[in-house]
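Examination of the molecular architecture
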Amino acid sequence: MITLPLRRARTRAPELTPEQERLVWRIAALALDYPDAELLGLVPQLSDAAQTIPGRAGLALRAFLDDVAGRDPIALAADYVETFDLRRRSCLHLTYYAYGDTRKRGMALLRFKHAYRTAGVELGDHELPDHLAVVLEFAATADPEGGRRLLMDHLPVIELLRLSLHDNGSGYASVLDAISVTLPDLDEVDRGRVAALAAEGPPEEEVGLDPFAMDPSLLPDIGGRK
């Protein structure tokens, strides 16, 4: 069972400029993508970019990238699959925590699609729009305010993911730490939602994603990678 050492309340200070926040989102989006050869080849550039980010977010991203640079690629890929594909509490799809693979999740996904289309972004058929890396890339490169709203609407899920990664001793927890710096603190309602999601887990009823599947026009990768 996941423990819940929630972040202590703090007033959100302008720790980062809007440009620095978008850079955090851009690096985090790539860091949360599958670590194939193309992505691993970008690590030196990402590390250089992370050097320009001050404070806790920069430290967290640099720690993660330094760790990635020193690891065996095969082991890193296996760790990614183990972390995000095989553990229900560290899924990168934001609506999964509340809805699992149920019909209600299909309706929730439509909100993401609407936000992307409003900004003139089309997603590819191979990816769901609630993947955290996709949302971060959207916020970093297409519509910062629209992307921020999607992230803020899922603060409890992002916090639960952060806590789960810390609970499992995953290096990816540092990426979520960096993301959390760019977002407001959780209020009492959010904290209650985190506890409820942790206690209940994603619903297991599999009734399909029909409302989502009826509209399959989802896009090429944003900015070349998700």
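In every chain, residue numbers begin from 1 and rise along the written sequence. Totals for whole chains, interfaces and linings use all residues, but because this is a predicted model, local features are given only for residues with pLDDT of at least 70 and pairs of side-chain atoms are given and counted only at 80 or more. Hydrogens and water are ignored here; the side-chain numbers use all heavy atoms of the structure.

1. A closer look at the overall build of the chain
The secondary structure content of the chain amounts to 13 helices and zero strands. To sort residues, take the accessible area from a 1.4 Å probe on protein chains only and compare it with the maximum for the residue type: under 20% means buried, over 50% means exposed, and anything in between is partly exposed. Out of the 226 residues belonging to the chain, those deemed buried represent 49%. Contacts spanning at least 24 positions in sequence make up 77% of the contacts within the chain whose residues lie at least 6 apart. We get accessible surface area from the Shrake-Rupley algorithm with a probe of 1.4 Å; when it comes to residues, only the shown protein chains can shield them. Accessible area of the chain: about 10400 Å², with a carbon and sulfur share of 55%. Helix and strand assignments come from DSSP, with helices taken as H or I runs of at least 4 residues and strands as E runs of at least 2, each series counted from the N terminus. We call two residues contacting when some pair of their heavy atoms lies within 4.5 Å.

2. Some words on the packing of aromatic side chains
Only the six-membered ring of Trp is used, alongside the rings of Phe and Tyr, when aromatic pairs are assigned; centres must lie within 6.5 Å, and planes under 30 degrees apart are stacked while those over 60 apart are edge-to-face, with the rest tilted. Under the counting rule described, the total for this entry stands at six aromatic pairs. Consider the rings of Tyr-34 and Tyr-80, whose centres lie 5.6 Å apart with planes at 90 degrees: the pair is edge-to-face. Taken together, the residues Tyr-34 in the loop between helix 1 (18-31) and helix 2 (37-41) and Tyr-80 in helix 5 (residues 73-85) connect sequence positions 46 residues apart. With 4.6 Å between their ring centres and 65 degrees between their planes, Tyr-116 and Phe-138 make a pair best called edge-to-face. One end of the pair, Tyr-116, is in helix 7 (residues 103-118); the other, Phe-138, is in helix 8 (residues 132-141), and 22 residues separate them in sequence. Chaining the aromatic ring pairs together yields one cluster made of Tyr-34, Phe-64, Tyr-80, Phe-84 and Tyr-172.

3. A word on helix 5
Two residues of an α-helix separated by three or four positions point the same way, owing to the 3.6 residues in each turn. Here a helix's expected span is defined as the number of its residues, less one, multiplied by 1.5 Å. With 13 residues, helix 5 extends 17 Å from end C-alpha to end C-alpha; this agrees with the ideal 18 Å at 1.5 Å per step. Looking at helix 5, one finds that the buried residues are Leu-76, Ala-77, Tyr-80, Thr-83 and Phe-84. Relative to the axis of helix 5, the buried residues are bounded by an arc of 135 degrees and lie together on one face. In helix 5, the exposed residues that point more than 90 degrees away from the buried face are Ile-74 and Asp-85. In this structure, the buried side of helix 5 is in contact with helix 2, helix 4 (55-69) and helix 10 (155-167). To be clear, the arc concerns the directions from the helix axis to the C-beta atoms.

4. Let's talk about the packing of helix 1 against helix 3 (residues 43-50)
Contact pair helix 1 / helix 3: the axes reach a minimum separation of 11 Å and the direction vectors enclose 155 degrees. Put simply, helix 1 runs roughly antiparallel to helix 3. As for the relative orientation of helix 1 and helix 3, their crossing is left-handed in sense. Between helix 1, through Leu-23, Ile-27 and Leu-30, and helix 3, the contact on the second element is made entirely by Leu-46, Ala-49 and Ala-50. All axes here are fitted lines through C-alpha atoms, helices being fitted over the stretch that makes contact, and every angle between N-to-C directions spans 0 to 180 degrees. Angle categories: roughly parallel below 35 degrees, roughly antiparallel above 145, roughly perpendicular from 65 to 115, and oblique for all the rest. Here a crossing is called left-handed whenever its near helix is offset anticlockwise from the far helix by less than a right angle, and right-handed whenever the offset is clockwise.

5. Points about helix 1
Across its 14 residues, helix 1 extends 20 Å between first and last C-alpha, which sits within 8% of the 20 Å expected from 1.5 Å per residue. Residues of helix 1 that are buried include every one of Glu-21, Val-24, Trp-25, Ile-27, Ala-28, Ala-29, Leu-30 and Ala-31, and no others. Buried residues along helix 1 sit against helix 2, helix 3, helix 4, helix 8, helix 9 (144-153) and helix 11 (173-181).

6. Structural notes on the side chain of Ser-90
Here Ser-90 shows up in the loop between helix 5 and helix 6 (96-99). Within the local environment of Ser-90, its side chain forms a polar contact with the backbone oxygen of Thr-83, the two atoms lying 2.3 Å apart. Among residues more than four places away in sequence, those in contact with Ser-90 are Thr-83, Phe-84, Tyr-97, Leu-161, Ser-164 and Leu-165. Whenever two N or O atoms come within 3.5 Å, that pair is a polar contact, provided that in protein one can donate a hydrogen and the other can accept it, and provided that, for residues adjacent in sequence, both atoms are side-chain atoms.

7. A short note on the confidence of the model for the chain
The pLDDT averaged across the chain works out to 84; a share of 82% of its residues lies at or above 70. Taken together, the stretch residues 1-11 has pLDDT below 50 and engages in 37 contacts with residues farther than four places along the chain or on a different chain. pLDDT: the predictor's confidence for each residue, scored from 0 to 100. Taken as a whole, residues 206-226 scores under 50 in pLDDT and shows 72 contacts with residues more than four places along the chain or in a different chain.

8. Here we look at the nonpolar core
Membership of the largest hydrophobic core comes to 62 residues, with the highest contact counts inside it found for Leu-32, Tyr-116, Leu-132, Leu-136, Leu-151 and Ile-179. It is helix 8 that contributes the most residues to this core, eight residues altogether. Beyond its immediate sequence surroundings of up to four residues, Leu-132 is in contact with Leu-32, Leu-92, Leu-94, Leu-151, Leu-161, Leu-176 and Ile-179. The definition of a nonpolar core used throughout is a set of buried Ala, Val, Leu, Ile, Met, Phe, Trp, Tyr and Cys residues joined through side-chain atoms within 4.5 Å.

9. Re the pattern of salt bridges
The salt bridge criterion pairs a side-chain nitrogen of Lys or Arg with a carboxyl oxygen of Asp or Glu, the two atoms within 4 Å. Summed over the entire model, instances satisfying the criterion amount to eleven salt bridges. For the salt bridge of Glu-21 with Arg-148, the shortest nitrogen-to-oxygen distance reads 2.2 Å. Residue Glu-21 is located in helix 1, and its partner Arg-148 is located in helix 9; the two are separated by 127 residues in the primary sequence. Relative accessible area serves as the criterion here: at 7%, Glu-21 is assigned to the buried category. Here the residues in one salt-bridge network are Glu-159, Arg-162 and Asp-177, joined through shared partners.

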